[in-house]
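Descriptive structure summary
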Amino acid sequence: MSPKGESGLKKKGCCATNKCLIFLCFVVSLGITALIVVALLVMNVRGRFPPEQKWWQKTIVYQIYPRSFQDSDGDGIGDLNGIISRLDYFNYLGVDAIWISPVYESPMIDFGYDISNFTKVDPMFGSMENMKTLIKEAHARNLRVILDFVPNHSSNKHPWFIKSELREDPYTDYYIWHDTAPNNWHSVFGGSAWGWSDVRKQYYYHAFLPEQPDLNYRNPAVREEMKNVVDFWARTGIDGLRVDAIINLFESTNVSLNEPPTNLPDVTSEQWEYYDHLYTANLPEINDAIQEWSDVLRKYDNSDDDTDNSKFMVVEIYAVPSIRNAYYTNGADMPFNMDLVEGSYPSCNASCIKKLVEIEYNTLPEGKWPNFVMGNHDRSRLTSKRGITTSGKTYTNVLNMLLLTLRGTPTCYYGDELGMEDVDTISFEDTQDPYGLHFGTSAYKNFSRDPERTPMQWDESPQAGFTNSSHPWLPLNQNHTFINVQYEKNASHITPLKVYRALAKLRQEPAFLYGSFDFRYTDDNVISYVRSASGYSSYLVVINVGTETGTIDFKTPYDYQEGTVKVTTGNFDHEDYALDSTIKLDKIILQPAEGLVILLP
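Just so you know, these numbers come straight off a predicted model, no measurement behind them.

**Focus: helix H12 (residues 396-405)**
Of all 10 residues in H12, 10 are buried, a share of seventy percent or more. Restricting attention to buried positions, one finds in H12 the residues Thr-396, Asn-397, Val-398, Leu-399, Asn-400, Met-401, Leu-402, Leu-403, Leu-404 and Thr-405.

Following this line, the structure appears as structure tokens:
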């Protein structure tokens, strides 16, 4: 008899038979396998499948100053046909986007930034047919074309201004007119921003030269005109716009307000920097205008599954991040980050550069893309900024190494890939820049932008392959016999051009294209960081931008044992860090102006 309270049948487990146990084991194994597959897929998606990126997030943007790039007709001035003849160079270089400074119809008082017709090409540069050919030929080479857009002002020779002077409707209020010069507002080029019209017998506002009267963006008709300009160029086939002088677009309607002084040292009352531009710069109304232009461009986004044909807009601004980053929210794809334009001078050491890079990354609005600029047509050339080391080395290659390996879109200036230098011997008589001429013979060299605008150096011929004319618009640098494309391309040793090209190629690696960015050892001379993307190779970048030798141990703090040199600045006095050599990482020694990109195991 069974004990009291127990059933006469023996209790069984949930799966007592062998068949059931085998089935249970199979189900458990299947579940574990599924979890492993999911985990691997997640890792695979994170590492192997890049985030969706626009074309402008993946390329180097190369600025062409058209007067100085290539002359095709022998007048000593570069032109569109000249650019067309050099398009293959960008494929060789590894650049996928070119930004062309103004080529619009203009009296050329400010070399094209004083525009008399926003939808015509100046005959000096060619014709609309030449522009269409340039766009077509560029696209055939997978090159994007970005044009300068100068919306703040026109030339005083523009028909709009001429008719406004005559008070002809609807142009009467296309510009900003007053009976008196009502305040102390200053021009960027120095002196009062109020110019007198003998025709209209009134003063007009000009944020730049008197020949560049500001358009009145509080007039809806003006806004419509400039939207039509954007539409015209989008229909012509350009891929993007770089918007010039965006901060000056609006001024306060209360012209009784004087701007307070900045009290900056070594600035005269004649200069724009003397005043804090509370009423003439960065006014909130700018946002609506940018959004309007963006809306026009977006109509021409015609991307498909295979091709990204989105339009791009970047705005020019020199400003701290709190002001600059606001431009990410108004329709622009990005504002230029100019921090490294000043940060590439010797006064900013490696620790300073690190801080500027960190600021860009840490203050960037959520989901926005970073960018970096080191040089342009308004600032000293890269090679000339930092000078040379005590052993005679230039910092060209380490600065380009920095620019092209940071996370974000880099913008470079023509000739900086060669190590072209400022021509600081231009006489006052040969000076072309109105900004420099404004300050006279005693001070023009402190302000002229001509030294960084001299002709591109293509070869060692008398005019460097830029022109057949014996009188180029600006004198050439005498070092063009050994700093030029042909020499640097064919040299048996490592040259700036070869370094730049190697870096441009490396930028297509996932680690650099979209990967993470993590600083490593940094002091006042050396800056280093790692670029990595899950599932792909990681790279250690180490550069010495300082004046003293740097010795760095990457083994002890980071457990980096060894790596393979993939790019070198090529100016080492030894062969220890030769290309493709495997090196120990417990003691990397870099002299000033030396740098390495190292593939980590």
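**Digging into the sheet that holds strand S21 (residues 595-600)**
On the basis of which strands lie adjacent, the open sheet formed by 6 strands has the order S14-S15-S16-S21-S18-S19 and antiparallel pairing. Both outer strands of the open sheet, strand S14 (516-522) and strand S19 (582-584), are each paired with one neighbouring strand and no more. Sheet twist, expressed as the average angle between the axes of neighbouring strands with direction ignored, equals 35°. In terms of strand pairing, strand S18 (residues 562-568) meets S21 through 4 bridges, oriented antiparallel. Paired with Val-567 across the strands is Val-597, a residue of S21. The sheet strands contacting H12 are strand S15 (526-532), strand S16 (538-544), S18 and S21, and the helix crosses S16 at an angle near 145°.

**Examining the packing of aromatic side chains**
Counted under the stated rule, the structure contains 45 aromatic pairs. Ring centres of Phe-69 and Trp-458 lie 5.2 Å apart, and the angle between their planes is 80°; this geometry places the pair in the edge-to-face category. One end of the pair, Phe-69, is in the loop between strand S1 (61-64) and helix H2 (80-85); the other, Trp-458, is in the loop between helix H14 (440-447) and helix H15 (485-490), and 389 residues separate them in sequence. Neither residue differs from the other here; Phe-69 and Trp-458 are each classed as buried.

**Examining unusual backbone geometry**
In the segment running from Asp-169 into Pro-170, the intervening peptide bond is cis, with an omega of 10°. In this fold, Pro-170 is placed in the loop between helix H5 (159-165) and strand S6 (177-178). Of note, the phi angle at Lys-201 is positive, near 60°, even though the residue is not glycine. Within the secondary structure, Lys-201 sits in the loop between strand S7 (194-197) and strand S8 (202-205). Positive phi, normally seen in glycine, also occurs at Asp-580, with a value near 70°.

Criteria and cut-off values
Residues numbered from 1 in each chain as written. Predicted model: local features only at pLDDT ≥ 70, side-chain atom pairs only at ≥ 80, totals over all residues. Heavy atoms only, no water. Buried < 20%, exposed > 50% of the residue type's maximum accessible area, 1.4 Å probe, protein only. Helix = DSSP H or I, 4+ residues; strand = E, 2+ residues; numbered from the N terminus. Pairing = 2+ DSSP bridges. Axes fitted to C-alpha atoms, helices over the stretch in contact; angles between N-to-C directions. Contact = heavy atoms within 4.5 Å. Phe/Tyr/Trp six-rings, centres within 6.5 Å; stacked < 30°, edge-to-face > 60°.

As far as function goes, none of this settles anything; it's purely spatial.
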